[in-house]
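Examining the three-dimensional arrangement
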Amino acid sequence: MRILFVREEGGASVVAIAIVLAVTLLTGAFVMTHALFVTHRQVAGTADNAALAAADVAAGFVFGSPCESAAQIAIRNRATIESCTVDGFHVHVSVSRYIMGITVRVSANAGPPHPL
């Protein structure tokens, strides 16, 4: 009686390629997620700065137009002003940046504190 064994030559290569592919995909997903997180934080800082600059103009501390000041801050930080609303000394600014096919939008408000 003769027992036939199935040869498994090259099986480790397939497993190694699968592991390398999985690690590559996970690394790519991590890098993309990290890039989006960093961009969101940058756009949030830009929105805050743009709102503060616009509020300074609205309060009369700086000469100019509030929304123009906000737009200049956004442009210097590679972002775009989507909306700018001035209500007295209070300013609401919405800023966005396009990265990896995704638009990251952040809003910020600035102005004097509300009395309690």
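Now for a quick tour of the structure. (Residues numbered from 1 in each chain as written. Predicted model: local features only at pLDDT ≥ 70, side-chain atom pairs only at ≥ 80, totals over all residues. Heavy atoms only, no water.)

With that settled, the discussion passes to the packing of helix α1 (residues 11-59) against helix α2 (residues 66-76). The interhelical angle for the contact between α1 and α2, taken along N-to-C directions, is 150 degrees, at an axis separation of 8 Å. The orientation of α1 relative to α2 falls into the category roughly antiparallel. Helix-helix and strand crossings are classified by hand; for α1 and α2 the assignment is right-handed. For the pair α1 and α2, the contacting residues are Thr-46, Asn-49, Ala-50, Ala-53, Ala-54, Val-57 and Ala-58 in the first and Pro-66, Ser-69, Ala-70, Ile-73 and Ala-74 in the second. (Axes fitted to C-alpha atoms, helices over the stretch in contact; angles between N-to-C directions. Helix = DSSP H or I, 4+ residues; strand = E, 2+ residues; numbered from the N terminus. Parallel < 35°, antiparallel > 145°, perpendicular 65-115°, else oblique. Left-handed = near helix turned anticlockwise from the far one by under 90°. Contact = heavy atoms within 4.5 Å.)

Moving on to the pairing of strand β1 (residues 80-87). Two elements, β1 and strand β2 (residues 90-99), share seven bridges in a ladder whose sense is antiparallel. Opposite Asp-87, over in β2, you have His-90 as the bridge partner. Between the end of β1 and the start of β2, which pair antiparallel, lie two residues, with Gly-88 showing a positive phi angle near 70 degrees. (Pairing = 2+ DSSP bridges.)

Once that is clear, we can look at the pairing of strand β3 (residues 102-110). Both β2 and β3 contribute to a ladder of nine bridges, which runs antiparallel. Bridge pairing in β3 links His-92 to Asn-109.

This is a description of form; function is not addressed.
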